[in-house]
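Now for the letters of each chain:
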Amino acid sequence: MDSGTRFLIRELITEQDWNEIPLKVRKNLGRMVIQSVLNGTAFTSIIPDRKDSQGVQWYRKK
């Protein structure tokens, strides 16, 4: 992925696999990712960009 690319976490997982993950697990995954990014404990090559109108968090590759 090129620097500056905007993406959603669900874009990193195949659509078939994403749809098989229960909604509660997907929400928990999203919470874990944003907390790790904000705390600097993981995913240090991405930054939160903004949320869309549905409240889905977008990220940007550094």
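This text gives an overview of the structure that appears in the document. Worth saying up front: this structure is predicted, and the values here are computed from it rather than measured.

Here's the deal with helix α2 (residues 23-39)
Thought 1: A rise of 1.5 Å per residue sets the reference length of α2, with its 17 residues, at 24 Å; its end C-alpha atoms lie 24 Å apart and thus fit the reference within 8%.
Thought 2: Listed as buried for α2 are V33, I34, S36 and V37. Burial along α2 is one-sided: seen end-on, the buried residues are contained in an arc of 160°. Residues K24, M32, L38 and N39 are exposed on α2 and point more than 90 degrees away from its buried face.
Thought 3: The elements touched by buried residues of α2 are β2 (46-51) and β3 (57-61).
Thought 4: Where α2 ends, the next residue or the one after it, G40, has phi of about 75°, a positive value.

Brief notes about the sheet that holds β2
Thought 1: Spatial strand order, β1-β3-β2: 3 strands in an open sheet with antiparallel pairing. Sheet topology places β1 (6-7) and β2 at the edges, where each strand pairs with a single neighbour.
Thought 2: Here β2 pairs with β3 via 4 bridges, running antiparallel. Paired with I47 across the strands is R60, a residue of β3.

What about the pairing of β3?
Thought 1: Where β1 and β3 come together, 2 bridges link them in antiparallel fashion. Directly across from R6, in β3, lies its bridge partner R60.
Thought 2: With antiparallel pairing between neighbouring strands as the criterion, β2 and β3 make up a hairpin whose turn holds 5 residues, including G55 at a positive phi of roughly 85°.

Topic: the nonpolar core
Among soluble globular proteins, nonpolar side chains are generally buried collectively.
Thought 1: The biggest cluster of nonpolar side chains holds 8 residues, and these are F7, I9, W18, V33, I34, V37, I46 and Y59.
Thought 2: The element contributing the most residues to this core is α2, with 3 residues.
Thought 3: Among residues more than four places away in sequence, those in contact with F7 are M1, L12, I46, W58, Y59, R60 and K61.

What counts and how
- Residues numbered from 1 in each chain as written.
- Predicted model: local features only at pLDDT ≥ 70, side-chain atom pairs only at ≥ 80, totals over all residues.
- Heavy atoms only, no water.
- Helix = DSSP H or I, 4+ residues; strand = E, 2+ residues; numbered from the N terminus.
- Expected span 1.5 Å × (residues − 1).
- Buried < 20%, exposed > 50% of the residue type's maximum accessible area, 1.4 Å probe, protein only.
- Arc of directions from axis to C-beta.
- Contact = heavy atoms within 4.5 Å.
- Pairing = 2+ DSSP bridges.
- Core = buried A, V, L, I, M, F, W, Y, C linked by side-chain atoms within 4.5 Å.

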